[in-house]
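# Structural overview
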Amino acid sequence: MSFNPKLPGEEEDAYQKAEIYFERGSRYLSLKKYKDAIENYLKALEYVPNDYETRFNLAVAYFHSGKFTESLEILKKLLEENPEDPDLYFNIGSIYLETNKFKEAVEYFEKTIDKDNLYLDAFVNLGNALFYLKEYKGAIENYTKAIELDPANPDNYINRAMAYYHLKDKATALADLEKAISLDPTNKKAKLWIDKIENEFNDP
């Protein structure tokens with residue numbers, strides 16, 4: 001948060017106190033101590049109620065605590081104030097993904113990408129939401145974009161392999177899984193799926 005030392009007396013003191021609680025909250029957030037983070041962010045907001053960064057971080061802490069309703073309420077208010085922030089659309093989409101509202105998740109991840117067409121995690125999560133909706137071709141398109149942006153991440157190839165598998169394209173799925181293994185030879189999920197698909201190929 002931004003602290004303005006030129007404010008008069010009491011207001012300056014409020015900003016100083018808010019800054020202390022904000023920094024504490026951020027330390028707890030980085031340590032994944034979300035309850036403590038929430039307590040400190042709420043305390044900071046008692047002194048500076050409308051600070052954007054404090055409210056955003058509070059929404060993140062609520063999200064990781066499983067308090068999706070509280071997180072969503074804050075994020076939607078922030079979106080009214082700043083409709084150009086892709087992180088807001090992404091985090092709202094992530095809440096919908098976590099709560100199995102996949103169509104809503106798709107909407108917000110698409111809006112994220114409209115604001116930032118290099119937003120890697122938005123492509124991954126959009127692919128995931130489409131996958132859960134059984135829209136496998138759309139999932140593949142987004143996993144492919146994620147691979148273009150992050151070609152060294154084996155998870156992107158595994159995700160795409162699962163979509164190909166559900167489209168009955170086992171050969172392409174196997175190729176993606178083998179690519180994942182080349183990037184991470186210890187990847188258990190890729191190995192299990194390679195064995196599964198190879199067994200299916202060998203079945204009479």
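Residues numbered from 1 in each chain as written. Predicted model: local features only at pLDDT ≥ 70, side-chain atom pairs only at ≥ 80, totals over all residues. Heavy atoms only, no water.

Here we take up the confidence of the model for the chain. Predicted coordinates in areas of low pLDDT are best not read in detail. For the chain, per-residue confidence averages 94 on the pLDDT scale, and residues scoring 70 or more make up 94% of the total. The low-confidence segment residues 1-8, where pLDDT is below 50, has 17 contacts with residues more than four positions distant or belonging to other chains. (pLDDT = per-residue confidence, 0-100. Contact = heavy atoms within 4.5 Å.)

This brings us to the packing of helix 10 (residues 170-183) against helix 11 (residues 188-202). Between helix 10 and helix 11, the least distance of the axes is 9 Å, while the angle of their chain directions is 150°. Viewed along their axes, helix 10 and helix 11 adopt a mutual orientation that is roughly antiparallel. Once helix 10 is placed against helix 11, the crossing between them reads as left-handed. Taking contact as the criterion, the partners of Lys170, Ala171, Ala173, Leu174, Leu177, Glu178, Ala180 and Ile181 in helix 10 are, on helix 11, Ala190, Lys191, Trp193, Ile194, Ile197, Glu198, Glu200 and Phe201. Of the residues contributing to the contact of helix 10 with helix 11, the split by class is 11 nonpolar, no polar and five charged. (Axes fitted to C-alpha atoms, helices over the stretch in contact; angles between N-to-C directions. Helix = DSSP H or I, 4+ residues; strand = E, 2+ residues; numbered from the N terminus. Parallel < 35°, antiparallel > 145°, perpendicular 65-115°, else oblique. Left-handed = near helix turned anticlockwise from the far one by under 90°. Nonpolar A, V, L, I, M, F, W, Y, C, P; charged D, E, K, R; others polar.)

Enumeration over the complete set of coordinates arrives at 11 aromatic pairs. Centroid distance phenylalanine 90 to tyrosine 119: 5.0 Å. Interplanar angle 25°. Geometry classified as stacked. Remark: tyrosine 119 occurs in the loop between helix 6 (102-115) and helix 7 (120-132) and phenylalanine 90 occurs in helix 5 (residues 86-98); sequence separation between them is 29 residues. For the pair shown, phenylalanine 90 and tyrosine 119 are each scored as buried. Aromatic side chains tyrosine 96 and tyrosine 108 sit 5.7 Å apart centroid to centroid with 40° between the ring planes, which places their arrangement in the tilted category. Here tyrosine 108 lies in helix 6 and tyrosine 96 lies in helix 5, a separation of 12 residues in the sequence. Judged by its relative accessible area of 9%, tyrosine 96 falls in the buried class. Ring-pair connections join several aromatic residues into one group, and the members of that group are Phe102, Phe131, Tyr132 and Tyr136. Directly above the ring of tyrosine 21 sits arginine 24, whose terminal nitrogen or CZ lies 5.4 Å from the centroid. Directly above the aromatic system of tyrosine 108 lies the positively charged group of lysine 111, at a separation of 5.0 Å from the ring centroid. (Phe/Tyr/Trp six-rings, centres within 6.5 Å; stacked < 30°, edge-to-face > 60°. Buried < 20%, exposed > 50% of the residue type's maximum accessible area, 1.4 Å probe, protein only. Lys NZ or Arg CZ within 6 Å of the ring centre and 35° of its normal.)

The subject of this paragraph is the environment of alanine 61. Tracing the backbone shows alanine 61 in helix 3 (residues 52-64). On the basis of relative accessible area, alanine 61 is assigned to the buried category, the value being 0%. Sequence-wise, alanine 61 and lysine 33 are 28 residues apart; in three dimensions their C-alpha atoms are separated by 8.7 Å. Discounting residues that sit within four places of it in the chain, alanine 61 has contacts with Leu29, Tyr34, Ala37 and Ile38.

Below, the discussion takes up helix 5. A rise of 1.5 Å per residue sets the reference length of helix 5, with its 13 residues, at 18 Å; its end C-alpha atoms lie 18 Å apart and thus fit the reference within 8%. Most of helix 5 sits inside the fold, with 11 of its 13 residues counted as buried. Those residues of helix 5 lying buried are Pro86, Leu88, Tyr89, Phe90, Asn91, Ile92, Gly93, Ser94, Ile95, Tyr96 and Leu97. One side-chain oxygen at the N-terminal end of helix 5 lies 2.9 Å from the backbone nitrogen of aspartate 87; it belongs to aspartate 85. Following helix 5 by one or two positions, asparagine 100 has its phi on the positive side, about 65°. (Expected span 1.5 Å × (residues − 1). Polar contact = N/O pair within 3.5 Å; in protein donor to acceptor, adjacent residues only side chain to side chain.)

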